[in-house]
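Here are the chains, one letter per residue:
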Amino acid sequence: MNGYDPVLLSRILTGLTLTVHIIYATIGVGVPLMIAIAQWVGIRKNDMHYILLARRWTRGFVITVAVGVVTGTAIGLQLSLLWPNFMQLAGQVISLPLFMETFAFFFEAIFLGIYLYTWDRFGNQKKHLLLLIPVAIGASASAMFITMVNAFMNTPQGFEFKNGELVNIDPIAAMFNPAMPTKVAHVLATAYMTSAFVLASIAAWHLWKGNRHIYHRKALHLMMKTAFIFSVASVLIGDLSGKFLAEYQPEKLAAAEWHFETSSHAPLVLFGMLTEDGEVKYAIKIPYALSILAHNHPGAVVTGLNEFPEDERPPLYIHYFFDVMVTIGVFLTVVAAAYWLGSIFRWKWTAKKWFFGLLVAGGPLAMVAIQAGWYLAEIGRQPWILRGYMKTAEGATSSAHVDTMLVLFCLLYMVLVIASAIVLIRMFRRNPVERELAERANNGEVAP
Amino acid sequence: MTLEVIGISVLWLFLFGYIIVGSIDFGAGFFSAYSHWANKQHILHHIIQRYLSPVWEVTNVFLVFFFVGIVGFFPKTAYYYGSILLVPASISIILLAIRGSYYAFHTYGGTERNWYLIAYGLTGLFIPASLSIVLTISEGGFVEVGASGVTLDYGKLFASPLSWSIVLLSVTSVLYISAVFLTYYADEAKDERARALLRRYALLWSGPTMLSALLIIYQLRYHNPEHYANLWNVAWMLVISFLCFVITVWLLWRQRRFGWAFIALVFQYAFAFYAYGISHYPYLLYPYLTIYDGFTNETMAKALIVAFIAGLLLLIPSLYLLMRLFVFNKAYVKGKWEGGKG
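This is a predicted model, so every value here is computed, not measured. (Residues numbered from 1 in each chain as written. Chains lettered and ligands numbered in written order. Predicted model: local features only at pLDDT ≥ 70, side-chain atom pairs only at ≥ 80, totals over all residues.)

Let's shift gears to the overall build of chain A. What chain A contains, in helices and strands, is 14 helices and six strands. The globule rule puts the C-alpha radius of gyration for 448 residues at 22 Å, and the 23 Å found for chain A is close to it. Summarising its shape, the C-alpha atoms of chain A cover approximately 75 × 45 × 45 Å along the three principal directions. For chain A, the residues scored as buried account for 52% of the 448 residues in total. Sequence-distant contacts in chain A: of pairs separated by 6 or more residues, those separated by 24 or more amount to 76%. (Helix = DSSP H or I, 4+ residues; strand = E, 2+ residues; numbered from the N terminus. Rg over C-alpha atoms; globule rule 2.2 N^0.38 Å. Buried ≥ 20, exposed ≤ 12 C-beta atoms within 10 Å, placed from the backbone. Contact = placed C-beta atoms within 7 Å.)

Here it is as structure tokens:
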């Protein structure tokens, strides 16, 4: 087979699965918390609008969970199918959090099933809300455990490598590796942030179309406030991630920043492009900012990429992922802050149609930032699959059928993404909130 | 008991759990589709939907547990099975993905499509068939270990009568286990028409499962004499398994104690499955990989066992709650709280 490259194909297939999975996984981690917030506010204010929000979000959430489950099963198996050598090695050290992730998910799945079918069974909304807590905890714990595995790939520890064998294995040390705190915190905060923006987008969409129903206003207000809090958290944790990288994975930071020579007072390079002879053009350089990001001090020395052997440098195009992630993150934080201040000081422009249009874009943009962030993290770890111990090429399968599988999974994911979108849109179109409010008013549940 | 044996016993328990809950789910899907085609949908639809709705996700997790656990306890399986199963396991994933997502789209999203129901029913049979191939492969004879890695001989696999017998057993078992459980479930719901129909299905599929199981034992004698010889050491387990089978069929025939009929069925499969597993010992993959040379380090094994016990302490009460609220809740089973869905 001419040109058949199982390593490259395995990377593409894994990347594809993760790209699809992360959309549903992010929603899966963040939305239960948003549902809980809405239901809790509804109970406290005795406002059925918020309870109805929680109900409707839950209905949509189940659809996304289904796709999250199946794509999660796919990546769980593909780890062994596409990276058998890697799993054979890493499995000896890091399978504990993988195993615990399954438990966390199991816990979540059980309670989600119960929550979904017991809206009216207890008669007391508070009891029902209690059932959601294990769902939210299970979802976030899953994310935490799986991110621990990813963190381990970046900063492996908890073992010694002697004569090609792993000895003195310490699974706890492997779980709590240096990359773990910032990575887990960043994944969780951005999942909450993105979910809040996605749900805010939906409300903003109705307002943008001219539907000024108070239900949508309440939804938008609640979610924008939540989004603001988690945006600020994400930015702060992002800063800590920069410091983590400078300390433990300087080559990733240097490649993302096109910082070639080790130097003090390093500027932060944003945007721009790289010429063929390695010159940076058209970039915005913020003086000292990279030194501050890396070490909290404008005069600090930041390690340059040239310090690393050529075959251990990540590809330079990860800079663009960094740009996309940071730009969107900062932009959305500003938008959320503007909305919030606007609602306090009753600014007119934050209630204009164009501003709602901006908010509609917020959800998709946040999702793009999530993708860019993961591309930065994963491609930025190259050429390693287990940094310092195993290169990606050594970890892959040598099977002759990765190409066919890639085509099959492409088709599968296309069908899943399109079908889930159609199902969601149709589900809410068929049962618009006005109609549901009217029906519930007839049943005496809500004031019209 | 060594850590290796504890590890494989735990995993075997999960696989057994998956076989039971998975079979109920897959078979229910098939019966649902078949009844639609045969215009008997009005009889079976409600009883099947009511059981499946709250538990569909839980079924899948048993499988995930098994494969995450086996890579944890026996990392070398990732190398051997990971290399050879790319195609069969990918096909299983795709079938599972279609089935799982479309079930949710249909149930929660209200998509009504006939082709969907057909796909749902057929995947219910294809998934167990494709998954059962792993058991065939584990018997050895289809795998070559060369310089470039481990490869699977598809020609041999598809030409082997053993692999077809195992496929046959998996499919008939799915239908049998599912029919017995749903008979009991319909009985609890006091839905006599559904019960009568499902009881007929259960009796219909009882014979074929036993025949295909005997066929496998017969073929094992030629395919893997070592395994076959070991099977005789646990013949007593097979005898108990057969007695349980007789109890189930007799209870179904006499139309009494459907709950006990199902319990006997669980024991029938448990004894047969463990007899198979014990006689397979110590091999994970004949003749290349045993549980001893594929085992992880002691620290990790202990950590996994502790995590497993802690996890069970969390899960068993939760599962109990789920069962109490839905599967074994008389009012729910009979269709009260039908409107409970948010």
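Alright, that's what it looks like, and here's the rest.
Now for the nonpolar core. All names here are of chain A. By size, the foremost hydrophobic cluster in this structure holds 269 residues, and its most contacted members are A200 and M223. With 22 residues, the single largest contributor to this core is helix α3 (residues 84–116). Three or more residues apiece are contributed to this core by two domains, here domain 1 (1–179 + 385–448) and domain 2 (201–248 + 250–380). Leaving out residues up to four positions away in the same chain, A200 has contacts with L220, M223, M224, A227, L359, G362 and G363. (Core = buried A, V, L, I, M, F, W, Y, C linked by C-beta atoms within 7 Å. Domains from an automatic or database assignment.)

With that settled, consider helix α10 (residues 235–254) of chain B. All names here are of chain B. Its 20 residues place the ends of α10 29 Å apart at the C-alpha level, agreeing with the 28 Å of an ideal helix rising 1.5 Å per residue. Among the residues making up α10, those that are buried are S241, C244, F245, T248, V249, L251 and L252. Angular distribution of buried residues about the axis of α10 spans 160 degrees; they occupy a single face of the element. Along α10, the residues that are exposed and aim more than 90 degrees away from the buried face are A235, W236, V239, W250 and R254. Each element contacted by the buried residues of α10 is listed here: α7 (161–188), α8 (192–223) and α11 (258–280). (Expected span 1.5 Å × (residues − 1). Arc of directions from axis to C-beta.)

This part covers the environment of Y80 of chain B. All names here are of chain B. Assignment of secondary structure puts Y80 in helix α3 (residues 75–84). The spatial distance from the C-alpha of Y80 to the C-alpha of L284 is 9.8 Å, given a sequence separation of 204 residues. With residues near it in sequence (within four places) discarded, Y80 still touches V150, L285, Y288 and L289.

Turning next to the domain arrangement of chain A. Residues and elements named next belong to chain A. When cut into domains, chain A gives domain 1 (1–179 + 385–448) and domain 2 (201–248 + 250–380). For domain 1 and domain 2, the distance between their C-alpha centres works out to 23 Å. Domain 1 puts 18 residues into the contact, and the matching count from domain 2 is 14 residues. Listed by contribution, the elements that provide at least two residues to the side of domain 1 that touches domain 2 are α1 (6–45), α2 (48–82) and α14 (433–442).

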